[in-house]
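# An overview of the molecular structure
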2 protein chains.
Amino acid sequence: MPSSLKDVAARAGVSVKTVSNVVNGYPFISVATRGRVEAAISELNYRPNASARRLRTGRSGLIALSVPEIDAPYFAELASHIVDAAEQRGWTVLIDKTGGERSHEQLAVAGIRSDLIDGAIASPLSITTADITAIKDTHPLVLLGEKLMRCGVDHVAVDSVAAACEVTEHLIESGGTRVAAIGMRAEDDAESTSALRVQGFRKAMTAAGRPVHEHLIATVHGYYRPDGYAAMRRLLALPDPPDAVVCFNDLLALGAIRAIHDARLRVPADVAVTGFDDIEEARFSTPRLTTIAPDKGALAEAAVDLLARQITGLPPETKPQEVLIPYRLVVRQSTLPGADTA
Amino acid sequence: MPSSLKDVAARAGVSVKTVSNVVNGYPFISVATRGRVEAAISELNYRPNASARRLRTGRSGLIALSVPEIDAPYFAELASHIVDAAEQRGWTVLIDKTGGERSHEQLAVAGIRSDLIDGAIASPLSITTADITAIKDTHPLVLLGEKLMRCGVDHVAVDSVAAACEVTEHLIESGGTRVAAIGMRAEDDAESTSALRVQGFRKAMTAAGRPVHEHLIATVHGYYRPDGYAAMRRLLALPDPPDAVVCFNDLLALGAIRAIHDARLRVPADVAVTGFDDIEEARFSTPRLTTIAPDKGALAEAAVDLLARQITGLPPETKPQEVLIPYRLVVRQSTLPGADTA
């Protein structure tokens, strides 16, 4: 016979209410009590009945997180922060990999298995405003990144134009005379992250009175190390190669550094390099990487808070929120010889 | 009124059966047809009713993957392979981060939300054979890694003793005279991955007639870059520092390399370094990292195949499988100066 809540309570020496609180993931239960209840659940092989729970609360405690890739460190680190923030609310996160494909992203924002999940956090690459408009207000949804800002859905992002502008200024101030950019994608539209970062790059160059050489804006297919490596090789093969490169994420920058080393050139003495994201690797690479560090913990907290606000029910007049997360420029060895701290 | 299968079929210009096949994730549907159906699903905001589906098939199409961390590149890359392999069967993967904690792992193997999921793939760190025995045969479960081999559950792993032995031999043959190891964990038992890798390390040293200096086996708390960095600093501060180091994963090795560079020493001229896992970073770091490369694609395929075998129902006499996945030693610049290919 399956074990009941009552059996678990007896074994753990706590009230049925306490077991129920643990099972439903309420916070503010001591670690010791939670441990005792979880041990009893395990010993008795007790299975909380999610369907019953759902009928009672109207919620499953499951949320979906849709990201283009999970093996890209930025998304892996961000997902880890979101799982932690969701856990504080007793939620389990279903991570869904879209590959950045529009049809998959359409399903993701429309609530893949929305009969099982309470809400979704999605980081879209390819869907359009029309896709969002079609499903708006049908279920809790928070979007990450600047794609589709102002489409009437809660949004958490970092200001890419400002950040790209700041990091480009840093390269110019550090002595870059021919500054290149790696990370434009041919298929991206004007509201995509890559387009916004190009915009910030152009803004800084223009403000400094520098010409923007279009052939120094290198396009990529993807955002992994091999893409940065290939783009940097093309730039180094030019008759007028750059002496500074703004890369639109850390992986592109780390691939670019590898290409510079393979060409027997030095970073930053011959070519200074910057990234975006501040993944852990940026603090351990040789040389350590100058980058834009978004506050990923704050980003995760904000996304989960906004989703919780929607799941628990909003007053009808509440407007969608657009939260801009702070970032900082972290200067390391890849632009400043001798910089040695993280 | 909610849209029905019939509405979707009419909009996509296909049969109801075809829509049902797409929704249930059957393979062998052309990309064009699948795209048309998915577009119609999205336009009509159709929600397949998972509860109804479950009643019909007895399955939800959801599987859980429990890993200690998702921001560790090895697990992120492995998870990505498993999501791809599961997608081929129309499954959605719920990724669950256990933090390596026993109570969380107990819940994971017992089937967190087993009323929603069809089966689980878990990579345990802390649970015991007794934990597995308690829940064995209650639902589909495949374990990853060598922890708890021979406990009567389907298992997929890499032979850590043999692999650690091979990489240690390589360091000895490359001229290492004082070979250290980084990655022992004080809290791990004899069947843990770290203990097995130490065992392989000792085996190679003994076979080569080298003494094993216990103080050259450096312990760590975790398996991230900072742990490798700290351990390497301790080793370099010894009166008799090593000239070669076997690290038990790539992140530890990359942290160790950073510590060697910070001490103004060279890799491999002063200290040769090896890793385990062959994460993408190992092919782009400076220097590129010599490492043990398990076939992660094969690992994911084997795990998903074993789980599918259980989910679809096994003949009662079927024995649990233990699948050992092939690996290879990939020699790069961190042990062989001038090695330049991946």
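Residues numbered from 1 in each chain as written. Chains lettered and ligands numbered in written order. Predicted model: local features only at pLDDT ≥ 70, side-chain atom pairs only at ≥ 80, totals over all residues. Heavy atoms only, no water.

### Here we look at the side chain of S80 of chain B
The criterion, for reference: Elements are defined by DSSP. Helices are runs of H or I of four residues or more, strands are runs of E of two residues or more, and each kind is numbered from the N terminus. Each residue is assigned to one of three classes by its accessible area relative to the maximum for its type, calculated with a 1.4 Å probe on protein chains only: buried under 20%, partly exposed between the two thresholds, exposed over 50%. Every residue pair with non-hydrogen atoms within 4.5 Å of one another is taken to be in contact.
Mapped onto the secondary structure, S80 of chain B falls in helix α5 (residues 73-87). For S80 of chain B, a relative accessible area of 5% puts it in the buried group. With sequence-adjacent residues up to four places away left out, S80 of chain B is seen in contact with I70, D71 and K97 of chain A.

### Section: the relation of the copies chain B and chain A
Here is the rule we go by: Least-squares superposition aligns the copies on the C-alpha atoms of those residues with pLDDT at or above 70 in both.
The transformation that overlays chain B on chain A combines an axial shift of 0.0 Å with a rotation of 180 degrees, and the residual RMSD is 0.1 Å. When the rotation and shift are considered jointly, the pair of chain copies conforms to a two-fold rotation axis. If distances are taken from each C-alpha of chain B to the rotation axis, the shortest is found for L94 of chain B, at 2.2 Å. Here 100% of the contact residues of chain B are again contact residues in chain A; the copies associate through an equivalent surface.

### As for the interface of chain B and chain A
As a reminder, the rule being used: Any carboxyl oxygen of Asp or Glu within 4 Å of a side-chain nitrogen of Lys or Arg constitutes a salt bridge here. Here a polar contact is taken to be a pair of N or O atoms separated by no more than 3.5 Å, where protein atoms must pair a possible hydrogen donor with a possible acceptor and residues adjacent in sequence count only if both atoms sit in side chains. For this classification, the nonpolar set comprises Ala, Val, Leu, Ile, Met, Phe, Trp, Tyr, Cys and Pro, the charged set comprises Asp, Glu, Lys and Arg, and every other residue, Gly included, is treated as polar.
Contact residues are listed per partner, giving 58 residues for chain B and 59 residues for chain A. Counting every contact that joins chain B to chain A gives six salt bridges. Ionic pairing is found between K97 of chain B and D84 of chain A, a salt bridge with its closest N-O pair at 2.8 Å. For the pair chain B and chain A, the interface holds 15 residue pairs in polar contact (both at pLDDT 80 or more). Of all the secondary structure elements, the ones that give two or more residues to the side of chain B that touches chain A are α3 (31-43), α4 (50-57), α5, β2 (92-97), α6 (102-109), α10 (225-236) and α11 (250-262) of chain B. If one sorts the elements of the side of chain B that touches chain A by residue count, α5 of chain B sits on top with seven residues. In the side of chain B that touches chain A, the residues fall into 21 nonpolar, 20 polar and 17 charged.

### Some remarks on the nonpolar core
Among soluble globular proteins, nonpolar side chains are generally buried collectively. Threshold: By nonpolar core is meant a set of buried Ala, Val, Leu, Ile, Met, Phe, Trp, Tyr and Cys residues that side-chain atoms within 4.5 Å join together.
Among the nonpolar cores identified, the biggest contains 151 residues, and I121, I182 and M232 of chain A together with I95, I121, I182 and M232 of chain B are the most heavily contacted of them. Those residues in contact with M232 of chain A that sit more than four places away from it in its chain are I182, P242, V245, A256, A259, I260 and V271 of chain A. Counting 34 residues, the second-largest nonpolar core is a separate cluster that includes I117 of chain A together with I117, A120 and I127 of chain B.

### Digging into empty space enclosed by the protein
Spelled out, the test is: Only protein atoms enter the 1 Å grid used here, on which a cavity is any set of points holding a 1.4 Å probe that cannot leave and a pocket is any open set flanked by protein within 12 Å on both sides along at least five of seven lines; residues with an atom within 4 Å of a point are listed as lining. Grid points are joined across faces, edges and corners, and a volume is the space filled by probe spheres set on the points.
Summed over the entire model, instances satisfying the criterion amount to five cavities of 30 Å³ or more. As a volume, the largest cavity reaches approximately 150 Å³. Forming the boundary of the largest cavity are 13 residues, of which E281, S285 and T286 of chain A together with S285 and T286 of chain B lie nearest the centre. At the level of elements, α11 (250-262) of chain A together with α11 of chain B are the ones that each hand at least two residues to the lining of the largest cavity. The element best represented in the lining of the largest cavity is α11 of chain B, accounting for three residues. Every residue along the wall of the second largest cavity is listed here: I70, F75, A76, A79 and I95 of chain A together with I70, F75, A76, A79 and I95 of chain B. Of all the secondary structure elements, the ones that give two or more residues to the lining of the second largest cavity are α5 (73-87) of chain A together with α5 of chain B. When its residues are assigned to classes, the lining of the second largest cavity shows ten nonpolar, no polar and no charged.

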